[in-house]
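As a plain string of letters, each chain reads:
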Amino acid sequence: MKNVLDVKETQIAIKKLKDFFENTLAKKLNLVRVSAPLFVRPESGLNDNLSGKEEPVSFTMRNYEEKVEIVQSLAKWKRMALKWYDFKVGEGLYTDMNAIRPSEKLDNIHSIYVDQWDWEKTISKSDRNEEYLKRVVEDIYEVFLETEKYINKLYPFLTHKLPDKITFITSQELEDMYPKEDCKKREHNICKEKGAVFLMKIGENLKSGKPHDGRAPDYDDWELNGDILFWDDVLNQALELSSMGIRVDSIALMKQLKYTNSEERLKLKYHKLLAQDKLPFSIGGGIGQSRICMYFLEKQHIGEVQASVWTEDIVNKCINENIFLL
């Protein structure tokens, strides 16, 4: 067997990899696949504001003069769907989420096209704690381990990359370890040492006066969230595979809206339901499909595993480095 995947073989491997991961994740977390929207009405409050700086792509339905927005993620919609479909505690859903992020700065791991599995699971109020969050992260990590074993058996020239266990660390603990480094360098350092990390508690300012990273105030509870990060030997850097967390209850919502001066969102239907604790308590996240393929198939550029649009200088650079962009 050849020690590299050509373009056609890569496409075949992507399908096998995605199918295995998706099915294993659904079984592990007790999730049912559902259909999800590509766009929502702005006034619904269902679109994800991400870090709060990104502007969603929008358009007007010509025959009705109504504006709609392309989803940036389905973090809020999924929680509503748990209520609509009457998912019980311990049950959840997942879906394919496709988004356009025009503000993205393009590089080896960032594209204006986003494809991920968005998932959400109903939990009890008593599950809103760090111990439960860690158990779910460990379940998801087992899916990654099983996926690596599966794909490496199909393609034996691929290397074993993941450690047996994932390391848990808070953003403040990480800043304390590397106080002179910026957030990305901190992630680089800890991932290179540990191989796989769940970086917790992202959103509030750290002792330095800055947050580790921006987070919208109205879906994750910043005390109960985090990112799954792997060390990527091909890219020689940390690679974020998933952002997830236990979602806000009314108390966390009010606290985080006040913290970010975003209390005007309480006028929106979704936020009114949250403020009254009329939505299911839940945990959820997004898992990057293309990044998983990049990582496990040992690719140098995200454009090798997804079709997108790239600038001329990026295209030329990839040609010079013998990287085929789809």
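To be clear, the structure that these remarks concern was listed above.
Let me begin by describing the structure that accompanies this report. Counting starts from 1 at the beginning of each chain's written sequence and moves along it residue by residue. Totals for whole chains, interfaces and linings use all residues, but because this is a predicted model, local features are given only for residues with pLDDT of at least 70 and pairs of side-chain atoms are given and counted only at 80 or more. With hydrogens and water excluded, all non-hydrogen atoms of the structure serve as input to the side-chain values.

1. Focus: the pattern of salt bridges
Keep this limit in mind: By definition, a salt bridge exists where a carboxyl oxygen of Asp or Glu is found within 4 Å of a side-chain nitrogen of Lys or Arg. Going along the chain from the N terminus, every DSSP run of H or I of four or more residues is numbered as a helix, and every run of E of two or more is numbered as a strand. Throughout this description, buried means an accessible area under 20% of the type-specific maximum (1.4 Å probe, protein chains only), exposed means over 50%, and partly exposed covers the range between.
For the structure on display, the rule yields 29 salt bridges. Across the pair D96 and R33 runs a salt bridge whose closest N-O atoms are separated by 2.5 Å. Here D96 is found in strand 5 (residues 92-100), whereas its partner R33 is found in strand 1 (residues 31-33), with 63 residues between them in sequence. Among the residues examined, D96 registers a relative accessible area of 28% and is labelled partly exposed. R33 gets classed as partly exposed once you look at its relative accessible area, which sits at 43%. One salt bridge connects K134 with E130, and the closest N-O pair in it is separated by 3.4 Å. With K134 and E130 both in helix 3 (residues 130-154) and 4 residues apart, this pair spans about one turn of that helix.

2. Some details on the nonpolar core
Filter applied, for reference: Here the nonpolar core consists of buried residues drawn from Ala, Val, Leu, Ile, Met, Phe, Trp, Tyr and Cys, with membership extended through side-chain atoms lying within 4.5 Å.
One finds W119, I140, F144 and M244 to be the most contacted residues of the largest nonpolar core, which totals 54 residues. In terms of residues, this core owes the most to one element, helix 3, which gives 9 residues. Within the second largest apolar cluster, 22 residues are counted, among which are L74, W77, A252 and L253.

3. Remarks on the sheet that holds strand 4 (residues 66-70)
Let me state the cut-off plainly: By the convention used here, strands pair only if DSSP detects at least 2 bridges between them.
One open sheet holds the 3 strands; their spatial order is 2-4-3, and the pairing between them is antiparallel. Both outer strands of the open sheet, strand 2 (39-40) and strand 3 (58-61), are each paired with one neighbouring strand and no more. Across 4 bridges, strand 3 lies against strand 4 in antiparallel orientation. Its bridge partner being in strand 4, T60 is matched across the sheet by K67.

4. Re the sheet that holds strand 11 (residues 282-288)
To be explicit about the condition: Each axis is a line fitted through C-alpha atoms, taken for helices only over the stretch in contact, and angles between the N-to-C directions span 0 to 180 degrees. The contact criterion used throughout is that any non-hydrogen atoms of two residues lie within 4.5 Å.
Here 8 strands make up an open sheet; going across it, the order is 1-5-6-11-10-9-8-7 and the pairing mixed. Pairing within the sheet leaves two strands with one partner each, and these edge strands are strand 1 and strand 7 (167-170). On average, adjacent strands in this sheet sit at an angle of 25 degrees to one another, irrespective of strand direction. Of the pairings in the sheet, the one linking strand 10 (residues 237-247) to strand 11 comprises 5 bridges and is antiparallel in character. Of the residues in strand 11, the one forming a bridge with G245 is G284. Across the sheet, helix 1 (residues 7-29) lies against strand 1, strand 5, strand 6 (113-122) and strand 11, angled at about 15 degrees from strand 6, the strand it touches most. Sitting on the sheet, helix 5 (residues 183-194) touches strand 7, strand 8 (196-200), strand 9 (220-232) and strand 10, and the angle it makes with strand 9 is about 60 degrees.

5. Brief notes about the packing of aromatic side chains
So the rule is basically this: Pairing of aromatic side chains requires ring centres within 6.5 Å, counting the rings of Phe and Tyr and the six-membered ring of Trp. Pairs whose planes differ by under 30 degrees are stacked, by over 60 edge-to-face, and all others tilted.
Within the structure shown, the criterion is met by 14 aromatic pairs. Taken together, a centroid distance of 5.1 Å and an interplanar angle of 55 degrees make the contact between F21 and F144 tilted. Residue F21 is found in helix 1, and its partner F144 is found in helix 3; the two are separated by 123 residues along the sequence. You'll find F21 and F144 in the same group, each marked buried. Between Y155 and F157 the ring centres are 6.2 Å apart and the planes differ by 55 degrees, which places this aromatic pair in the tilted class. Judged by relative accessible area, Y155 falls into the buried class, the value being 10%. Here the aromatic residues F21, W117, Y141, F144, F230, Y295 and F296 are joined through ring pairs into a cluster of three or more.

6. Some words on unusual backbone geometry
You will see that K201, though not glycine, has its phi angle at about 60 degrees, which is positive. Turning to its location among the elements, K201 is positioned in the loop between strand 8 and strand 9. Taking the relative accessible area as the measure of exposure, K201 reaches 28% and is therefore partly exposed. In the Ramachandran plot, N261 falls in the positive-phi region, its phi being about 55 degrees despite a non-glycine side chain. Within the secondary structure, N261 is located in the loop between helix 6 (250-259) and helix 7 (269-275).

7. Quick notes on the environment of F157
Within the secondary structure, F157 sits in the loop between helix 3 and strand 7. Residue classification places F157 among the partly exposed positions, given a relative accessible area of 23%. Residues F157 and G195 lie 38 residues apart in sequence; the distance between their C-alpha atoms is 20 Å.

8. Brief notes about helix 1
Since there are 3.6 residues in each turn of an α-helix, residues three or four apart along the chain are aligned in direction. Threshold: Given the number of residues in a helix, its expected span is that number minus one, multiplied by 1.5 Å. Each polar contact in these results corresponds to two N or O atoms within 3.5 Å; when the atoms are within protein, one needs to be able to donate a hydrogen and the other to accept it, and residues that are neighboring in sequence are counted only if both atoms are side-chain atoms.
Its 23 residues give helix 1 an end-to-end C-alpha distance of 33 Å, which sits within 8% of 33 Å, the value for a rise of 1.5 Å per residue. Among the residues making up helix 1, those that are buried are T10, A13, I14, L17, K18, F21, E22, T24, L25, A26 and L29. Against the buried residues of helix 1 lie strand 1, strand 5, strand 6, helix 3, strand 11 and helix 8 (289-297). The backbone nitrogen of K8 has a side-chain oxygen 3.2 Å away, supplied by the residue at the start of helix 1, namely D6. In the segment just after helix 1, N30 is the residue with positive phi, at about 60 degrees.

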